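# Observations on the three-dimensional arrangement
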Amino acid sequence: MKSPEILIIYTGGTIGMVENHASHALEAFDWSHLQARVPELEQFHFHIDAITLGDPIDSSDMTPDDWVRMAHAIASNYARYDGFVLLHGTDTMAYTASFLSFMLEGLAKPVVITGSQLPIGQLRTDGKENLLTSIEIAAARDAEGLPIVPEVCIFFENELMRGNRTTKINSEGFNAFRSYNFPPLAKAGIHIEYNTHEIIQHPTPASSACYALLREKTGRPQHEGLIVHDRYDNHVAILTLFPGIDESVVRAVAETPGLRALILQTFGSGNAPQKEWFISILHDLNRRGIIVVNTSQCERGTVEMGRYETSLQLLRAGVLNGYDSTLECVVTKLMFLLGHDCTQEEIRQLMSISIAGEVNVRG
Ligand code: ASP
């Protein structure tokens, strides 16, 4: 079996920083000198290259155009490398992982995204461990020589998680990410234990049908290997409900010029106030062809519209169920689908299926 070749793509964030001893400021270091910074890499008996994608940025500055650049960097190196490790700031890592999981049709190689809470140039860094284990996972293959995790995932502090199921939960501890509604794809201890029956090996019929529709919309031919779907539309808003929210606030968001989709962050299992003005705004959004999706402020569990009277009225107003998906996933999935000229009905249908293992649709 030929030994694997791995490409590290550095996009920015804390992991690639070193402290300037004179000014004490954190500065990005040159990843082409990675070997000098992380001599442990020599112990891998396979080839590792590292590139920096544009100017390294704090992930709070990421935009969908950066996601598109990352997807194309993976695609243009896809034939040469067997796995990819994407280094990224933690703040918006879950959004990047979610969007990439939708963009990469036919992905058959690992894309492991990681970062760190402390710069790799600091003594107590968590960056080295995250980087080294991510490389090992990106290179891992089964007895038949196939990659064990051909998915977009996030590795952080001993856990490998499906990327579009993750949320950043900690700005201090090393355990920065959680996947509340989906089990880990692997756990790293003395050995790396893979949860193989949860890892996506082949696309489902629903996912294949979704990509066939998107290809038809954009006139892309079908072919073997990786296809990058790089369109998006960011005319999306999030409205977090709270007791006492004022009508003028909801109205201002609903009347945002160009708005195409609104995500409601509701209470508990998807409940919202029953005020007449509120329901009438939702009906009006529906009439105007604006997609409204119900996600819960609870991280764990699923939205169940119709379980209480307070969510039945949302259902009647045409609000879609976000089920157990993360907020990061719903925002990026909407941007992705809206960018592909789908009709409102098509978007409604595609929001209710799993494209890349991002949601468990109930009922
Ligand atoms: N603000 C940084 C970023 O997201 C934090 C980190 O790298 O973890 O880029």
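Our structure is the block above this text.
Everything numeric in this text was worked out from a predicted model, so none of it was measured.

### Quick notes on the packing of helix α2 (residues 64–76) against helix α3 (residues 93–103)
Contact pair α2 / α3: the axes reach a minimum separation of 10 Å and the direction vectors enclose 55°. Taken as axis vectors, α2 and α3 run oblique relative to one another. Remark: the crossing between α2 and α3 carries right-handed chirality. In this structure, α2 uses Trp67, Val68, Met70 and Ala71 to contact α3, whose residues at the interface are Tyr95, Thr96, Phe99, Leu100 and Met103. For the contact of α2 with α3, the residue count by class is eight nonpolar, one polar and no charged.

### Notes on the side chain of Glu328
With respect to the helices and strands, Glu328 occurs in helix α9 (residues 327–338). Put simply, Glu328 is tucked away with no salt bridge, and the nearest opposite charge, on Lys168, sits 10 Å away. Among residues more than four places away in sequence, those in contact with Glu328 are Ala94, Tyr95, Ser98, Thr166, Thr167 and Lys168.

### Focus: the pattern of salt bridges
By the definition in use, this model includes 18 salt bridges. A salt bridge links Arg69 to Asp66; its shortest N-O distance comes to 2.9 Å. Taken together, the residues Arg69 and Asp66, both in helix α2 and three residues apart, mark about one turn of the helix. Among the residues examined, Arg69 registers a relative accessible area of 48% and is labelled partly exposed. Of the charged contacts, one joins Arg260 and Asp233 as a salt bridge, the two residues approaching to 2.8 Å between their closest N and O atoms. Here the residue Arg260 occupies a position in the loop between α6 (247–254) and β16 (261–266), and Asp233 occupies one in the loop between β14 (227–228) and β15 (236–240), the gap between them amounting to 27 residues.

### A closer look at the sheet that holds strand β18 (residues 320–321)
Here we have four strands laid out as an open sheet, ordered β15-β16-β17-β18, and parallel in their pairing. Where the open sheet ends on each side, the last strands, each with one partner, are β15 and β18. In this sheet, strand β17 (residues 291–296) lies alongside β16 in parallel orientation, the contact comprising six bridges. Bridge assignment links Ala261 to a residue of β17, and that residue is Ile291.

### Looking at the site of the ligand
Surrounding the ligand, one finds Gly13, Thr14, Asp58, Ser59, Gly89, Thr90, Asp91 and Ser116. The separation between a nitrogen atom of the ligand and a polar side-chain atom of Asp58 is 2.9 Å. Between the ligand and Ser116 there is a distance of 3.4 Å, counted from an oxygen atom to a backbone nitrogen or oxygen. For the ligand, whose free accessible area comes to 260 Å², the fraction covered by protein is 88%.

Reading the values: rules and limits
- The written sequence of each chain sets the order in which its residues are numbered from 1.
- The model is predicted, so local features are restricted to residues of pLDDT at least 70 and side-chain atom pairs to those at 80 or more, both for listing and for counting; the totals for chains, interfaces and linings are taken over all residues.
- Hydrogens and waters are ignored; side-chain quantities use all the structure's heavy atoms.
- For helices, the fitted line uses only the C-alpha atoms of the stretch in contact; every axis is such a line through C-alpha atoms, and the angle between N-to-C directions lies from 0 to 180 degrees.
- Only DSSP runs of H or I reaching four residues or more are called helices, and only runs of E reaching two or more are called strands; each is numbered from the N terminus.
- What sets the label is the angle itself: under 35 degrees gives roughly parallel, over 145 gives roughly antiparallel, 65 to 115 gives roughly perpendicular, and the rest give oblique.
- Rotating anticlockwise by less than a right angle from the far helix to the near helix defines a left-handed crossing, while the corresponding clockwise rotation defines a right-handed one.
- Throughout, a contact is declared for two residues whenever any of their heavy atoms are within 4.5 Å.
- Gly is placed with the polar residues, together with every amino acid not listed as nonpolar (Ala, Val, Leu, Ile, Met, Phe, Trp, Tyr, Cys and Pro) or charged (Asp, Glu, Lys and Arg).
- Exposed residues in this analysis have more than 50% of their type's maximum accessible area, buried residues have under 20%, and partly exposed residues fall in between, with area computed by a 1.4 Å probe over protein chains only.
- Note that His is not counted, nor are the chain ends; the positive residues are Lys and Arg, and the negative ones are Asp and Glu.
- Any carboxyl oxygen of Asp or Glu within 4 Å of a side-chain nitrogen of Lys or Arg constitutes a salt bridge here.
- We treat two strands as partners when DSSP finds at least two bridges between them.
- Here, proximity means that at least one heavy atom of the residue falls within 4 Å of the molecule or strand.
- Here a polar contact is recorded for every N or O atom pair within 3.5 Å, except that within protein the pair must consist of a potential hydrogen donor and a potential acceptor, and residues adjacent in sequence are included only if both atoms are side-chain atoms.
- For accessible areas, the Shrake-Rupley method is used with a probe of radius 1.4 Å. Any residue's cover is judged against the shown protein chains and nothing else.

Any link to function would need more than the numbers given here.
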